[in-house]
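Chain residues, written in single-letter form:
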Amino acid sequence: MAQDYDAVIIGAGVIGAATAFELAKTGRRTLSVDKLPAAGYGPTSNSCAIIRVHYSTFDGTALAYEGYFYWKDWARYLDAEDERGLAGFNECGCLIMRTEHNGHLERHCDLAAALDIPFEIWDRARIVEKLPVYDLKRFWPPKRMEQDGFGEPTGGEVESAVFFPTAGYISDPQLATHNLQRAAEAKGSEFLFGREVVEILKSDGRVSGVRLDDGSEISAPVVINVAGPHSAQINAMAGAAGDMKITTRALRQEVVHVPSPEGFDFERLGTVVSDSDIGCYCRPETGNHILVGSEDPECDPREFVDADAYDREFTDQWTHQAHRMGQRIPTLGIPNRTRGAVDLYDVTEDWIPIYDRSQVPGFYMAIGSSGNQFKNAPVAAKMMAALVDYCEAGGDHDAEPLQFPLDHIGRSIDVGFYSRLREINAESSFSVLG
Ligand SMILES: Cc1cc2nc3c(=O)[nH]c(=O)nc-3n(C[C@H](O)[C@H](O)[C@H](O)COP(=O)(O)OP(=O)(O)OC[C@H]3O[C@@H](n4cnc5c(N)ncnc54)[C@H](O)[C@@H]3O)c2cc1C
């Protein structure tokens, strides 16, 4: 391994590995450092890896739709072999229940129409035809089991939903990250595992490299923080936090896996479903299971934690989530043995990530991915590579933000949308939905 590179990337999760790949494509010699033993072993490994195209902001929607095309043609994008095979994109679509609490998704449909994203409005009959195990009685507001009225319908039924066909999930997020590692290596990138970055080195007022936990120094004029829930620690290490109006924190999450009800093959016939009426989202999971996540309704406590010391065991949150899903699927069997995942989101104040430079020349960040940026990893990485090019060539991104072309959808976005200096974006859903 060399001791000097054009760029060091801290973190080899899905966004970190994609960033290495995209920087290598611009001709930079990169080193990715991760303290875990392999690529995608951090939060990426437990990602639900849902690929969807509906967001509550125009820029968020545009980036997600652009991102969809990378997964759709994964082999061509990677342009490299992986001895483990390539991760598959299960394009089962995404169904979102329309309620008055999400404005019947009128804004989402307007954004989709403006961006030529295909969608269909499904009535109750169409929803139940697709998901015959569903009972559409309404339960709003989402509750915890000890609350009065839990499990009792609150009147009426969910009347309709919006179906986005250009959506689905990646069943093996770690393999997708390994694919990106191999693609980056094919372009000359190097990866160093089992080593922690403990210091960001500087000279003449800019970044000059990193120090590792074995004392060795790596020189590089560019360092990129893609450290997930450890992002705030790395920013502090770099002295980069001073001017940030938007910051990041680690938020604990539990994800439930339960068997599909008897007689229905959710893995083969199901779809991704976002259901704000019960405060849950779900998707098919291997072994004919249903994966259930929380949409962070008010009744669920938000548990901000120390990314190095948090409870990795399931708590009663698992049971609440599973039973909320059971309201929608009355025949759902909820086993005694808890299965699923416990991991961390890296969350900003407005649940929109930060893809930006910093006040320290040469130090960049792709952080705050808030439980919903797996899908954007390739396109966000390409945007980061363009941002590094722009700033290192003297561009003043804070004053004149980079405009980044989204080639597949024929538009461009103002990368200032993701700035660390932005005001909190009031259009956000302030939840994992982005
Ligand atoms: C439970 C859960 C469900 C999710 N579901 C979805 C979803 O359905 N759809 C979607 O689009 N997104 C989803 N996400 C979000 C998505 O998975 C993340 O945005 C994405 O995985 C973040 O990737 P990353 O490259 O930032 O790295 P991460 O996976 O966050 O990893 C960061 C890496 O940095 C390394 N690191 C940290 N500090 C140091 C250091 N000092 N030195 C060396 N290495 C260091 C860590 O070891 C780690 O490997 C979900 C996330 C979670 C946790």
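Let me sum up the structure you'll find in this document. (Residues numbered from 1 in each chain as written. Predicted model: local features only at pLDDT ≥ 70, side-chain atom pairs only at ≥ 80, totals over all residues. Heavy atoms only, no water.)

**Re the site of the ligand**
Link 1 in the chain: In the vicinity of the ligand, 36 residues are found, and the nearest of them are Ile15, Asp34, Thr44, Ser369 and Lys375.
Link 2 in the chain: In the environment of the ligand, a nitrogen atom lies 3.3 Å from a nitrogen or oxygen atom belonging to the backbone of glutamine 373.
Link 3 in the chain: One of the side-chain nitrogen or oxygen atoms of lysine 375 is found 2.7 Å away from an oxygen atom of the ligand.
Link 4 in the chain: In isolation the ligand has 1,000 Å² of accessible area, and contact with the protein removes 97% of it.
Link 5 in the chain: Where the shell around the ligand is concerned, the elements lending two or more residues are helix H1 (14-25), strand E2 (30-34) and strand E19 (340-347).
Link 6 in the chain: Considering each element in turn, the shell around the ligand owes the most residues, 3 residues, to H1. (Near = heavy atom within 4 Å. Polar contact = N/O pair within 3.5 Å; in protein donor to acceptor, adjacent residues only side chain to side chain. Areas by Shrake-Rupley, 256 points an atom, 1.4 Å probe, with all protein chains shown as cover. Helix = DSSP H or I, 4+ residues; strand = E, 2+ residues; numbered from the N terminus.)

**Considerations on the nonpolar core**
Link 1 in the chain: Core analysis: the biggest nonpolar cluster contains 82 residues, and Ile170, Leu180, Ile224 and Tyr355 have the highest contact counts within it.
Link 2 in the chain: Those residues in contact with tyrosine 355 that sit more than four places away from it in its chain are Ile15, Leu63, Met365, Ala366, Gln373, Ala380, Met383, Met384, Leu387, Val415 and Tyr418.
Link 3 in the chain: Of all hydrophobic cores here, the second largest spans 27 residues; its members include Leu131, Val273, Cys282 and Leu332. (Core = buried A, V, L, I, M, F, W, Y, C linked by side-chain atoms within 4.5 Å. Buried < 20%, exposed > 50% of the residue type's maximum accessible area, 1.4 Å probe, protein only. Contact = heavy atoms within 4.5 Å.)

**Quick word on helix H6 (residues 173-186)**
Link 1 in the chain: Look at H6: 20 Å from first C-alpha to last across 14 residues, which is about the 20 Å you get at 1.5 Å a residue.
Link 2 in the chain: The buried fraction of H6 is high, at 10 of 14 residues.
Link 3 in the chain: Residues of H6 that are buried: Pro173, Leu175, Ala176, Thr177, His178, Asn179, Leu180, Gln181, Ala183 and Ala184.
Link 4 in the chain: On its buried side, H6 packs onto H1, helix H2 (58-72), helix H3 (74-78), strand E8 (168-170) and strand E9 (190-193).
Link 5 in the chain: Note on H6: the residue one or two positions beyond its end, glycine 188, has a positive phi of about 105 degrees. (Expected span 1.5 Å × (residues − 1).)

**Description of the pairing of strand E1 (residues 7-10)**
Side chains on a regular strand alternate between the two faces of the sheet.
Link 1 in the chain: Here E1 shows two buried faces, one formed by Ala7 and Ile9 and the other by Val8 and Ile10.
Link 2 in the chain: Where E1 lies against E2, 4 bridges are found, and the strand directions are parallel. Residue pairing for E2: alanine 7 is matched across the bridge by threonine 30.
Link 3 in the chain: Tracing the backbone out of E1, into H1 and back to the parallel element E2 gives a crossover that is right-handed. (Pairing = 2+ DSSP bridges. Right-handed = clockwise from strand over helix to strand, strands pointing away.)

**Quick look at the packing of H2 against helix H10 (residues 377-392)**
Two quantities define a packed helix pair, namely the angle between the axes and the distance from one axis to the other.
Link 1 in the chain: Running from N to C, H2 and H10 cross one another at 110 degrees; their axes reach a closest spacing of 7 Å. Looking at the two axes, H2 sits roughly perpendicular to H10. Residues Leu63, Glu66, Gly67, Tyr70 and Trp71 of H2 form the contact with H10, whose participating residues are Pro378, Val379, Lys382 and Met383.
Link 2 in the chain: Of the residues that constitute the contact of H2 with H10, the class distribution is 6 nonpolar, 1 polar and 2 charged. (Axes fitted to C-alpha atoms, helices over the stretch in contact; angles between N-to-C directions. Parallel < 35°, antiparallel > 145°, perpendicular 65-115°, else oblique. Nonpolar A, V, L, I, M, F, W, Y, C, P; charged D, E, K, R; others polar.)

**Quick word on the pattern of salt bridges**
Link 1 in the chain: This model, assessed by the stated rule, comprises 35 salt bridges.
Link 2 in the chain: Where glutamate 22 meets lysine 25, a salt bridge forms, and the shortest distance between an N and an O atom there is 3.2 Å. Here the residue glutamate 22 and the residue lysine 25 both occupy positions in helix H1, the gap between them amounting to 3 residues, near one helical turn.
Link 3 in the chain: Glutamate 22 gets classed as buried once you look at its relative accessible area, which sits at 3%.
Link 4 in the chain: With relative accessibility at 38%, the residue lysine 25 sits in the partly exposed group.
Link 5 in the chain: With its nearest N and O atoms 2.8 Å apart, the salt bridge here joins arginine 422 to aspartate 350. With arginine 422 in the segment after strand E23 (411-414) and aspartate 350 in the loop between E19 and strand E20 (354-356), the pair connects residues that are 72 residues apart, well separated along the chain.
Link 6 in the chain: For arginine 422, a relative accessible area of 9% translates into the label buried.
Link 7 in the chain: A relative accessible area of 0% places aspartate 350 in the buried class. (Salt bridge = Lys/Arg side-chain N within 4 Å of Asp/Glu carboxyl O.)

**Focus: the side chain of serine 419**
Link 1 in the chain: Looking at the secondary structure, you find serine 419 in the segment after E23.
Link 2 in the chain: You can call serine 419 buried: its relative accessible area is 10%.
Link 3 in the chain: Apart from the residues within four sequence positions on either side, serine 419 is in contact with Ile246, Ile354 and Asp356.

**Details of H10**
Link 1 in the chain: Taking 1.5 Å per residue as the helical rise, H10 with its 16 residues ought to reach 22 Å, and the 22 Å between its terminal C-alpha atoms agrees with that figure.
Link 2 in the chain: Restricting attention to buried positions, one finds in H10 the residues Ala377, Pro378, Val379, Ala380, Ala381, Met383, Met384, Ala385, Leu387, Val388 and Cys391.

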